[in-house]
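Secondary and tertiary structure notes
Spelled out, the chains give:
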Amino acid sequence: MTISQRSTAQQLVEHALATSTADDCIAIVRDVTSANLRWANNTLTTNGVMTEVSVTVVSFAGVDGGIATGSVSGSAATTEQVTALVQAADAAARAGFPAEDVAELVGPSTSPDWDVEPETTDIGVYDAFAPALGEAFRQASGEDRLLYGFVNHDVSTTYLGSTRGLRLRHVQPTGHYACTGKDTSLTRSAWTGGATRDFRDVDATAMAATVAQRLAWAERRIDLAAGRYDTILPPSSVADLMIDAYWGAGARVAHEGESVYSRRGGGTRIGDKVAAPGVNLFSDPHYAGLECAPFVVAGASDNTDSVFDNGLPLERTDWIQDGLLTALLQTRHSAAMTGQPVTPMIDNLILEVGDGAGTVDDMIAGTQRGLLLTCLWYIREVDPQSMLLTGLTRDGVYVIEDGEIVGAANNFRWNESPIDLLNRFSAATASVPSFSREWGDDYFSRTATPALRIPDFNMSSVSQGV
């Protein structure tokens, strides 16, 4: 296939809408380019640039009892490939059962940049980062350290069109970095990572220095038993836990009594105290540095999304305000069930504590004896009614004595609820951009959180992991 045979994203959308024989149709085209570097043993191992165009077609058809939907996705760069997706989506809609989340499709709206070509990235995004990384390799080799890691930068341009007149476009740059350091005997390990929009704010020298410092902390091993410890969760670990709290905030599940946000006796806990005073959890598509799509993009319906809501405008939503639960993830369907405003999911999350101040270093200096828990891993839900989570520590649990880090402890399995932690923390720093190791590199990297000090974090058992 030659380049001249490829269609533009807008042509793919228009072709899908014109080809569908269903009652209504929505077409979502995502044009994504990504550039990455990977390294191991102080050597760059791979680098590359990839391009992908994916298309989702959602068809709506009248059937006995209501309106059914059919959603089909696939890679597509030509109108012929889109035709196959449309035919499959139309057929699925006509063969389907009435959708319970049915609502009037969103009316006409056009982005001013609808006709603009997709934005892209390339390996040049690392022009400043790569030379500094090479110097970090040389320094690590001279000091008997090994560095492993990767960086990735995506630019995704989304085009959303509908037979009701939607023509919306959004450009989403997303980047992240992660670096693990080991000593040459492979007995010590440390990790650091972060998120970025363009890598202009990522310093490879500082990244490597953080890993070196943490490996130095681990030169002394301090074995500890399971138990409850005064524990500092840095912003990255707080992001791990808050994302779970956010993703578990579906209004329908809460209304049906199946989550920590369910009110005993029926309904949701909206209006109830769920966190300490001063705690604010919110999402805002216009938040500086964490900007995301200002309208709903939904390829399928589930607990928190509805294909009928595609194109709904998004604004700041306060989920927890001064400790009170003020909103849950609502489609128009669930909002009708709960009697609450429509508050769809937004692709970022910010946690702020009213009197939060200072940094992690300040918090360490004020700790007589405790732990710094730099990395959570393999997080899973144990009990949705309390949002009890379990997981492992990894790549660095550091022991604090008299305001200084004096060594590294063994790893643990932990059991905690993020909602409980928002009530039990004893101190918080200022909020800063953060990066969840568990969820950030898969999808959700746009977070800002403080560090939290938990006076009795539950290390339920000792883990043998490094």
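Above this text you will find the structure in question.
Residues numbered from 1 in each chain as written. Predicted model: local features only at pLDDT ≥ 70, side-chain atom pairs only at ≥ 80, totals over all residues. Heavy atoms only, no water.

Things to note about the nonpolar core
For soluble globular proteins, nonpolar side chains are generally found buried alongside one another. Quick reminder of the rule: Grouping buried Ala, Val, Leu, Ile, Met, Phe, Trp, Tyr and Cys residues that are joined through side-chain atoms within 4.5 Å yields what is termed a nonpolar core. Buried means the residue's accessible area, taken with a 1.4 Å probe over protein chains only, is under 20% of the maximum for its type, while exposed means over 50%, and partly exposed covers the values in between. Secondary structure elements are defined from DSSP: runs of H or I of at least 4 residues count as helices, runs of E of at least 2 residues count as strands, and each element is numbered from the N terminus. Any two residues whose heavy atoms approach within 4.5 Å are treated as being in contact.
Ranked by size, the top nonpolar core spans 72 residues in total, and within it Tyr 261 and Val 279 carry the most contacts. Take this core: its biggest share by element is six residues, from helix α5 (residues 235-247). The contacts of Tyr 261, once residues within four sequence positions are left out, are Ala 245, Gly 248, Ala 249, Ala 254, Thr 268, Arg 269, Leu 325, Leu 328, Met 387 and Ile 419. Val 125, Phe 129, Ala 132 and Tyr 177 belong to the second-largest nonpolar core, a separate cluster that totals 35 residues.

Examining the sheet that holds strand β22 (residues 447-449)
Here is the rule: Strand pairing requires that DSSP identify at least two bridges connecting the strands.
Judged by pairing direction, the sheet is mixed, and its six strands sit side by side in the order β12-β11-β10-β13-β22-β21 without closing on themselves. Strand pairing shows two members of the sheet lacking a second neighbour, β12 (324-325) and β21 (432-434), which therefore form its edges. Two elements, strand β13 (residues 349-353) and β22, share two bridges in a ladder whose sense is parallel. Looking across to β22, one finds that Ile 350 is bridged to Ala 448.

Notes on the pattern of salt bridges
Condition: Whenever a carboxyl oxygen of Asp or Glu lies within 4 Å of a side-chain nitrogen of Lys or Arg, that contact is scored as a salt bridge.
Taken as a whole and assessed by the stated rule, the structure comprises 23 salt bridges. Linking Arg 424 and Glu 416 is a salt bridge whose minimum nitrogen-to-oxygen distance equals 2.8 Å. Residue Glu 416 is classed as buried on the basis of its relative accessible area, which comes to 4%. A cluster of three or more residues bridged by salt bridges with shared partners is formed by Arg 228, Glu 416, Arg 424 and Asp 456.

A short note on helix α3 (residues 129-142)
How we decide: To estimate the expected span of a helix, subtract one from its residue number and multiply by 1.5 Å.
The end-to-end C-alpha separation of α3 is 20 Å, in line with the 20 Å expected for 14 residues at 1.5 Å each. The complete set of buried residues in α3 reads Phe 129, Ala 132, Leu 133, Gly 134, Ala 136, Phe 137 and Ala 140. Where α3 is buried, its residues meet β1 (24-40), β2 (43-63), β5 (145-162) and α4 (204-217). Directly beyond the C-terminal end of α3, a positive phi value near 60° is found at Asp 144.

Things to note about unusual backbone geometry
Although it is not a glycine, Asn 41 adopts a positive phi angle of roughly 50°. Relative to the helices and strands, Asn 41 resides in the loop between β1 and β2. Its identity is not glycine, yet Asp 395 carries a phi of approximately 55°, on the positive side. Following the sequence through the fold, Asp 395 ends up in the loop between β16 (388-393) and β17 (397-401). On the accessibility criterion, Asp 395 (4% relative accessible area) is buried.

Concerning the side chain of Ser 306
Test applied: Any pair of N or O atoms that falls within 3.5 Å is considered a polar contact. Within protein, one atom must be able to donate a hydrogen and the other to accept it, and sequence-neighbouring residues count only if both atoms are side-chain atoms.
By the element assignment, Ser 306 lies in the loop between β10 (279-283) and β11 (317-321). Only 2.7 Å separates the side chain of Ser 306 from the side chain of Asp 101, close enough to count as a polar contact. Beyond its immediate sequence surroundings of up to four residues, Ser 306 is in contact with Asp 101, Ala 298, Ser 301 and Thr 331.

Concerning the packing of helix α1 (residues 9-19) against helix α2 (residues 79-94)
To be explicit about the condition: Orientation is described by axes fitted as lines to C-alpha atoms, over the contacting stretch for helices, and by angles from 0 to 180 degrees between their N-to-C directions. In this scheme, roughly parallel covers angles under 35 degrees and roughly antiparallel covers those over 145, while 65 to 115 is roughly perpendicular and the rest are oblique. Helix crossings are classified by the rotation of the near helix relative to the far one: an anticlockwise turn of less than a right angle makes the crossing left-handed, while a clockwise turn makes it right-handed.
One way to put it is that α1 packs onto α2 with a least axis distance of 9 Å and a crossing angle of 40°. Regarding the angle of α1 to α2, the classification is oblique. At the point where α1 passes α2, the crossing takes the right-handed sense. In contact with Leu 12, His 15, Ala 16 and Thr 19 of α1, α2 contributes Thr 79, Val 82, Thr 83 and Val 86.

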